[in-house]
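Breakdown of the fold
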Amino acid sequence: MKIDVLLGLQWGDEGKGKIVDVLTPKYDIIARFQGGPNAGHTIEFDNKKFVLHTIPSGIFNPDTINVIGNGVIIDPFILKKEIDRLNESDIGVSENLLVSRKAHLIIPTHRLLDAVYEEAKGKDKIGSTLKGIGPCYTDKVSRNGLRVGDIEQNNFKERYNNAKQRHIRIIEQYNSEYENIKIDGQVFADYERSWHEALKTLDSLKKINSEYYLNQQLDAGKKILAEGAQGTLLDIDFGSYPFVTSSNTTTAGVCTGLGIAPKNIGKVFGIFKAYCTRVGSGPFPTELFDNDGEILRKVGNEFGSTTGRPRRCGWLDLPALKYSIMLNGVTELMMMKADVMNQFKKIKIATGYTYNNIETSELPFDDNDGNVKPLYTEVNGWGSDISIASTYYDFPCDLKNYVKYIEDAVGVPIKLVSFGPDRKDTIIRS
Ligand code: GDP
Ligand code: IMO
Ligand code: MG
């Protein structure tokens, strides 16, 4: 068997959580492969709404195993809150959640480092979620990190304190009053206590050597779906650097983040919104600053699932979509939030750019100076409610034309169209 992959093709928040949940009954295992609690994956069904940050979105199906892979970074404090919230809602989390021993830990001083680094950047700030992502992955790569498996070792306390002291020496250079910086509403000392308390939750979860487990399960014929976090345009290598996250959000991340050989990658589901959004700083060629952007934000409820920040909104960007399809080897597309565009009579789609007045269909090396200008084509909107659709054929012609236009432009079929946040607001084309 091969592992299928679902990942975002834009700047995150495409609706990955919703679709992983929709597809979960078809899979035995759902595995997160990168990112950390900067992710916020929303799942809605039966008038209930959940936002997951670390736990894979397959957790709502009692027959599915969920794996947090080695490429993920875990904050025990945030993970505990997620587990508590699920347990309160009678979504059992126990044997159905497995954690890689090789996943790195976000410790409280990673969050302080994130805060002081971001503050020091001033107007050039990345707009980080401040969950300690950059500092934790930095420690991983510089070979200073702490891993889940280290909790089981006798010298964990000593290693934790060494890391903490090393971080504090840096933090003090930025802010000598770091003890007063609030993390999730608590001053450092209180937060650190809560963090250590939460570590016990992680201790009680089943820890595995996930690379062996997943490969053995594939050999045994089990179906596995890898769940991406963030989006391709936030990838550390291929995103709009430095306004990116600190992991490989692309298909390549599945190989390193789960220990899967490239030859064992199966289908790659690329998920995108019918328009674009971005939260945080960085280039966004099709961003709208007018009433159309306001409509997308309002109707799409475009406010961050992790931070609550308003998301920047704009038209669909085909060169960026093609770039993401190329990097990931996308085999099937899924288009989200079609309903958000119901009221538009006309819709713009970027088909190319001018960069320093020269036409191009490629994203330039450095597009942070605002010199990338989109070239648009205009198509008819459907201008009607689509909530009653139960098959693809029920959609208005102009929506089907929009789908066809995108398919023809990018050369990959759109196999799923989503038209509402609930599980059931989804049409899979046969
Ligand atoms: P993720 O990070 O990719 O899982 O996406 P988020 O959960 O951060 O953001 C997607 C938001 O859009 C969530 O609030 C979803 O409930 C919502 N959503 C998902 N699909 C649709 C859709 O087709 N239509 C509408 N209106 N909302 C959707
Ligand atoms: P999901 O999985 C949208 C953005 C942040 C910031 C940049 C770096 O829900 O799609 P970081 O916290 O990694 O230091 O932030 O990346 N970002 C996201 N934007 N969705 C996400 O995840 C994101 N995770 C990080 O806003 O611009
Ligand atoms: Mg999100």
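Residues numbered from 1 in each chain as written. Chains lettered and ligands numbered in written order. Predicted model: local features only at pLDDT ≥ 70, side-chain atom pairs only at ≥ 80, totals over all residues. Heavy atoms only, no water.

Notes on the coordination of the magnesium ion (ligand 3)
Donor atoms from the polypeptide that bind the magnesium ion (ligand 3) are Asp13 (OD) and Gly40 (O), placed at 2.0 to 2.2 Å. In this pair, Asp13 sits in the loop between strand 1 (3-8) and helix 1 (16-23) while Gly40 sits in the loop between strand 2 (29-32) and strand 3 (41-45), placing the two residues 27 residues apart along the sequence. (Donors = N, O, S within 2.8 Å, 3.2 Å for Na, K, Ca; no water. Helix = DSSP H or I, 4+ residues; strand = E, 2+ residues; numbered from the N terminus.)

Here's the deal with the site of ligand 2
Surveying the vicinity of ligand 2 reveals 21 residues, the closest of which are Lys16, His41, Thr129, Gln230 and Thr245. At 3.3 Å from an oxygen atom of ligand 2 is found a main-chain nitrogen or oxygen belonging to Gly127. A distance of 2.5 Å is found between an oxygen atom of ligand 2 and a side-chain nitrogen or oxygen belonging to Thr129. Taken by itself ligand 2 offers 550 Å² of open surface, and the protein chains cover 97% of this. For the shell around ligand 2, the per-class residue count stands at eight nonpolar, ten polar and three charged. (Near = heavy atom within 4 Å. Polar contact = N/O pair within 3.5 Å; in protein donor to acceptor, adjacent residues only side chain to side chain. Areas by Shrake-Rupley, 256 points an atom, 1.4 Å probe, with all protein chains shown as cover. Nonpolar A, V, L, I, M, F, W, Y, C, P; charged D, E, K, R; others polar.)

Re the pattern of salt bridges
A side chain of one charge can pair with a side chain of the opposite charge when the charged atoms of the two come close. Summed over all chains, the structure comprises 24 salt bridges. Two residues, Arg111 and Asp184, come together in a salt bridge whose shortest N-O distance is 3.1 Å. Of this pair, Arg111 sits in helix 3 (residues 108-121) while Asp184 sits in the loop between strand 9 (182-183) and strand 10 (186-187), placing them 73 residues apart in sequence. A relative accessible area of 6% places Arg111 in the buried class. Residue class for Asp184 comes out partly exposed when judged on its relative accessible area of 33%. Among the salt bridges present, the one from Arg297 reaches Glu294, with a minimum N-O distance of 3.0 Å. With Arg297 and Glu294 both in helix 9 (residues 291-299) and three residues apart, the pair spans about one turn of that helix. Residue classification places Arg297 among the buried positions, given a relative accessible area of 16%. Linked by salt bridges that have partners in common, Asp13, Lys273, Glu302, Arg311 and Lys337 make up one network. (Salt bridge = Lys/Arg side-chain N within 4 Å of Asp/Glu carboxyl O. Buried < 20%, exposed > 50% of the residue type's maximum accessible area, 1.4 Å probe, protein only.)

A word on the environment of Ile236
Note that Ile236 resides in the loop between strand 12 (224-227) and helix 8 (252-258). As a C-alpha pair, Ile236 and Thr249 span 13 residues in sequence and 7.7 Å in three-dimensional space. Leave out the neighbours within four places in its chain, and Ile236 touches Tyr241, Val244, Thr245, Ser246, Ser247 and Asn248. (Contact = heavy atoms within 4.5 Å.)

Here's the deal with the nonpolar core
Core analysis: the biggest nonpolar cluster contains 58 residues, and Met335, Met341, Tyr402 and Ile406 have the highest contact counts within it. The element that contributes the greatest number of residues to this core is helix 11 (residues 397-410), accounting for five residues. Apart from residues no more than four positions distant in its own chain, Ile406 is found in contact with Phe272, Leu316, Leu318, Leu321, Met335, Gly411 and Ile414. Formed by 43 residues, the second largest nonpolar core is a distinct cluster that contains Ile74, Leu97, Tyr178 and Leu199. (Core = buried A, V, L, I, M, F, W, Y, C linked by side-chain atoms within 4.5 Å.)

Geometry only, nothing functional implied.
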